[in-house]
Amino acid sequence: MVRVRRETVVGILLTSLPLLAAAAAASLFFPGSGERLVTLFMINVIAVLGIGIYAGNSGIVSFGHVGFMAIGAYASGLLTINPIVQKTALPHLPAWLASIDLPFLPALAVALVVVALVAVLIGIPVARLAGSSASIATLGFLVIVHVVLVASTDITRGSQTFFGIPRAVNLWVALPFAVAAIAIARLYRDSSAGLKLRASREDEIASTAVGVNVKLHRFIGWVLGAILAGAAGALLAHFLGAFSPKDFYFNLTFVLLAMLILGGVTTVSGAVGGTAVIMLIVELLRKLEGGVDLGFGTLPTVFGLTDIGIGVAILVVMYRLQDGLFGVRELDERFGWLKRASKPSVSSDNAPKITPVPAGGTLKVENLGKKFAGLVALENASFEIKPGLVTGLIGPNGAGKSTLINSVSGVVPPSSGRVLIDGRDIASLPVHAVPVAGLARTFQNIRLFKNLTVLENVTVAASALKGNGEDPMESARLVLAEVGLDGFSDQLAGTLSYGAQRRLEIARALALKPRYLLLDEPAAGMNPAETQELMHVLDRIRTKYRLGLLVVEHDLKLIMRLCDIVVVLNKGQQIAIGTPAEIQANPDVIEAYIGRRRSAGHAKREAVEAGGLQPGASGLTNPA
Ligand code: ADP
Ligand code: MG
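Worth saying up front: this structure is predicted, and the values here are computed from it rather than measured.

Draft legend 1. Examining the overall build of the protein more closely. The helix and strand inventory of the protein stands at 25 helices and 12 strands. Once local pairs closer than 6 in sequence are excluded, the contacts in the protein between residues at least 24 apart make up 75%. Taken as a whole, the protein presents about 26,700 Å² of accessible surface, with 63% of it coming from carbon and sulfur.

See below:
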C-alpha cells in the first residue's frame, strides 16, 4: 500500500553517504577525539532531523523538542543506571523504578514509548495552534520539562549531575541510528502525510481547500519528530554517561535550531549539512575562544565567541540564502540525472475519465449570507449549480462574489443560509472534508504551494481521495496533462508564469475529482491568448466530465459566451439570475454596471467601449 519511490531511496543513500564517510575517516585517521566528535555529529543529526520533521514540514519553529531529548535521556538513564551508583546517588528512588535494570536497547525502546506518550498528550493542544502561538507553546513545554526535572530531585538528582549511565554508545552504534533517522525523515517527507504537512506550511487555507486535515498532520509530524528527538537524547545519555538538566535547555535548543536553519529547514539534506557546518564552526571557534598562541603573540580569550560565531553564521547565510545553505529541495531533487526519465505524458485524449458521470444531483445555495462585523458582504444568495452547466457569477468589485465562493466552500463560515450537495448540508462538515464531498475551488489571489513542485501541488489534492486504488502521483500526472502542464512537473510552482500558475490551480482542484468546481476570476491577469487557452480547457473539462462550473469573471463577453446561467451580485445582494440573453436585457444589471459607469465619469468610457459591458471601479471607491 505504501509505495516507496526510487527517488526517495536514492535520496536516503545520498544523504547517508557523508555520515559513512565521516565515520570511516574518523576511525581511520582520528581515533579518539575525532571519533568522539563524529559520534556527536550523528546524535546531533538525529536531534536536528527530529526538530525538522515537525518544524521543517509544518513551518512552525519548535523549541520543545529538546524537552523530548531530556525525557529520552532521563528515562533511558533511569532504566539502565548502575545499581551500585544508584544506591548512593539516588537513594530515594521509588522501589519499582529502583528495581529495573535494563540493557541499553530495551531501555531505549521503553524511553521512546514514554516520549511518544508525552508527545501525544502535548501534541493534542499544540497541533491546534499555528505560527508563533504554536512556537510559544513549544517553548512553554521546554520550560515545564526543565522545571519538572529540576524539581524531581528524588528521581533526577535535581539540578545536580545525573551519572552512572552505562556508556553503550560509540561511533558504530550511533551511525546506524543516524542513518535510520535519515531514512525515517526522508520517507516521511516524501509520504502523503509529509507532503500534506508541507502543503499546509506553504498555504494553510489552500491546503484545507484540497482536503488536508492540517491539525491531524501537524500532530503526526509533532509526535514523529518527538520520537526522533527522544532517541537522540537517549543516545547522548549513553554516550556521555553523565548529564544535568541544563544540558537539555536553551543552549542546546539554540545550537540545534541554528543547525536546522543554517542548512535549510525543509530538507533532510539541509539538516545533515547544517549540522556539519555548525559543528565545524563550533570546533574552530572553541579553539580560538581559549586564546591561541600565534608564536609571536597570543590571541586574547573571548568569552562567548562560539555563540556569537553561530549567530553571525546564521545572519550571513540568511542574508544571502533565505532558504538556508541547501535550499528547499533535496540534493537528489536538484540533479535531473538522478531521476528516472520522465514518462511520456499521457495525452488528454486517452486519459481515463477523472469523474464518473454523476446521476443528476445539484449543488444548491439557499439564502446564503455573510456578515463581517456588521458589514453585510453577502445576503440571500440562492441558486443552483448543475452538472455539465456553467454558471457565471458577475458583479462589480466588492459585490460579494469571492465571499460567496468562500462561504460555499466553507473557507469562511456563512452567517446564514445553507449549501446542499444532493440534499446534504455541507455546513456540518469540517472544511477539509468539503473537497472530498465533491466541491473544489480556486482562489482569486492565486494560492499555490509555491515551494512544492508542480507535480507535488497536484499530488496533494489527489491524495485527499483515499481508497480508490490509484496512485495519487499518477493521477496528478494525468490531470497535469489535461491542462497542458505536464512538461513542468518538476518545476517549483512559484517559478511558473502567471497564466500557468492559474492553470495549475485549476489542475489542483480537478485532481480532487470534484463534481462542482468554483473558479474565482480564473482569467484575471491573463493576456488574451492565455485567456483563450483557458476557456478551451474549461469548455473541454465541462463537457468531458460533466462538471458543474461556477465562474467569476469580469470580461462579460466571455461570460456571455461561456455560461448557461448567470447570477448577478451587487453590494452583497443577488440582483438577477437568468440566461445570458436575459441578463443582458435586465434593467437592474444595466443600472448596476452602466449607470455606475456613467457617474464614474469620462475616464472609464474607453474601457467600456473596448470591452462591452465591463464593470467599473469598486462600489467602495466609486466617487458617485
Ligand atoms: P468581490 O469578490 O465581489 O469583489 P468580496 O466578496 O471580496 O467582493 O467582498 C465583498 C465585501 O466584503 C467587500 O466590501 C469586502 O471589503 C468585504 N470583505 C471581504 N472579505 C472580508 C473579510 N475577511 N473581512 C472583512 N470584510 C471583508
Ligand atoms: Mg473577488
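There's plenty left to go through after this.
Draft legend 2. Broad picture of the pattern of salt bridges. According to the stated counting rule, one finds 22 salt bridges in the structure shown. We note a salt bridge from R218 to E204, for which the minimum N-O separation is 3.1 Å. Of the two residues, R218 is situated in helix α12 (residues 214-240) and E204 in helix α11 (residues 204-209); the sequence distance between them amounts to 14 residues. With a relative accessible area of 4%, R218 lands in the buried category. Taking the relative accessible area as the measure of exposure, E204 reaches 35% and is therefore partly exposed. Measuring nitrogen to oxygen at the nearest pair gives 3.6 Å for the salt bridge that ties E283 to R286. With E283 and R286 both in helix α14 (residues 268-289) and three residues apart, this pair spans about one turn of that helix. A single salt-bridge network, built from bridges that share partners, covers R186, R189, D190, E330, D332 and E333.

Draft legend 3. Structural detail: the pairing of strand β6 (residues 416-421). Direction of pairing for strand β3 (residues 363-372) relative to β6: antiparallel, over a ladder of five bridges. If you follow K364 over to β6, its bridge partner there is L420. For β6 and strand β7 (residues 424-425), the ladder comprises two bridges, and the chain directions are antiparallel. For L420, the partnering residue across the bridge sits in β7 and is D425.

Draft legend 4. Spotlight on the site of ligand 1. Taken together, 13 residues form the shell around ligand 1, and within it G398, G400, K401, S402 and T403 come nearest. One of the backbone N or O atoms of G398 is found 2.8 Å from an oxygen atom in ligand 1. In this structure, G400 approaches ligand 1 through a main-chain N or O atom, which is 3.0 Å from an oxygen atom. Computed on the free molecule, ligand 1 has an accessible area of 560 Å², of which 63% lies beneath the protein chains in the complex. Sorting the residues of the shell around ligand 1 by element identifies β4 (375-385) and α17 (401-409) as the ones contributing at least two each. Considering every element that reaches the shell around ligand 1, the biggest residue donor is α17, with three residues.

Draft legend 5. Just the coordination of the magnesium ion (ligand 2), in detail. The protein atoms donating to the magnesium ion (ligand 2) are S402 (OG) and Q444 (OE1), with metal-donor distances spanning 2.0 Å. Taken together, the residues span a long stretch of sequence, with S402 in helix α17 and Q444 in the loop between β8 (439-441) and α18 (454-462) at a distance of 42 residues. Owing to a relative accessible area of 21%, S402 belongs among the partly exposed residues under this scheme. For Q444, a relative accessible area of 28% corresponds to the partly exposed category.

Draft legend 6. Layout of the layout of surface pockets. Reported here for the second largest pocket is a volume of approximately 740 Å³. Of the residues belonging to the lining of the second largest pocket, the class tally is 14 nonpolar, four polar and six charged.

Draft legend 7. Spotlight on a nonpolar patch on the surface. A contiguous nonpolar surface patch, about 340 Å² in accessible area, is contributed by V4, V9, L13 and L187. When you line up the elements, V9 lands in helix α1 (residues 6-29). Judged by relative accessible area, which is 39%, V9 ranks as partly exposed.

Draft legend 8. Spatial organisation of the environment of I308. Considering the arrangement of structural elements, one finds I308 in helix α15 (residues 305-320). The class of I308 is exposed, set by a relative accessible area of 51%. When the C-alpha atoms of I308 and L285 are compared, they prove to be 9.5 Å apart, with 23 residues separating the residues in sequence.

Draft legend 9. Region of interest: unusual backbone geometry. Look at R157: it is not a glycine, yet its phi comes out positive at around 65 degrees. With respect to the helices and strands, the residue R157 is situated in the loop between α8 (153-156) and β1 (162-163).

Draft legend 10. Broad picture of the environment of D520. Within the element layout of this structure, D520 appears in strand β9 (residues 516-520). A residue is classified by how much of its surface remains accessible, and D520, at 1% relative accessible area, is buried. As a C-alpha pair, D520 and V552 span 32 residues in sequence and 5.0 Å in three-dimensional space. Beyond its immediate chain neighbours, meaning those up to four positions away, D520 contacts S402, I405, T442, F443, Q444, R502 and V552. Within the structure, D520 has its side chain in polar contact with the side chain of S402 (distance 2.7 Å).

Draft legend 11. Empty space enclosed by the protein, seen in detail. A full pass over the atoms with the stated rule returns five cavities of 30 Å³ or more. Looking at the largest cavity, its volume works out to about 80 Å³. G52, I53, N57, T267 and V268 are, among the 13 residues lining the largest cavity, the residues nearest its centre. Among the secondary structure elements, those contributing two or more residues to the lining of the largest cavity are α2 (33-58), α9 (171-190) and α14.

Draft legend 12. Molecular detail of the side chain of R157. One buried charged residue, R157, remains without a salt bridge, the closest side chain of opposite sign being D154 at 10 Å. Of the polar contacts made by the side chain of R157, one reaches the backbone oxygen of A89; its length is 3.2 Å. In contact with R157, not counting residues within four places along its chain, are A89, L90, S152, F162 and F163.

Draft legend 13. Representation of helix α6 (residues 104-126). The end-to-end C-alpha separation of α6 is 31 Å, in line with the 33 Å expected for 23 residues at 1.5 Å each. Among the residues of α6, those classed as buried are F104, A107, L108, A111, L112, V115, A116, A119, G123 and V126. Those residues of α6 that are buried are in contact with α2, α3 (65-80), α7 (131-151), α9 and α12.

The rules behind these values
Residues numbered from 1 in each chain as written. Chains lettered and ligands numbered in written order. Predicted model: local features only at pLDDT ≥ 70, side-chain atom pairs only at ≥ 80, totals over all residues. Heavy atoms only, no water. Helix = DSSP H or I, 4+ residues; strand = E, 2+ residues; numbered from the N terminus. Contact = heavy atoms within 4.5 Å. Areas by Shrake-Rupley, 256 points an atom, 1.4 Å probe, with all protein chains shown as cover. Salt bridge = Lys/Arg side-chain N within 4 Å of Asp/Glu carboxyl O. Buried < 20%, exposed > 50% of the residue type's maximum accessible area, 1.4 Å probe, protein only. Pairing = 2+ DSSP bridges. Near = heavy atom within 4 Å. Polar contact = N/O pair within 3.5 Å; in protein donor to acceptor, adjacent residues only side chain to side chain. Donors = N, O, S within 2.8 Å, 3.2 Å for Na, K, Ca; no water. 1 Å grid on protein atoms, 1.4 Å probe; cavity = no way out; pocket = protein on both sides within 12 Å on 5 of 7 lines; lining within 4 Å. Points joined across faces, edges and corners; volume = space filled by probe spheres on them. Nonpolar A, V, L, I, M, F, W, Y, C, P; charged D, E, K, R; others polar. Patch = residues over 30% accessible without salt bridge, like charges linked within 9 Å, V, L, I, M, F, W, Y side chains within 5 Å. Lys, Arg positive; Asp, Glu negative; His and termini not counted. Expected span 1.5 Å × (residues − 1).

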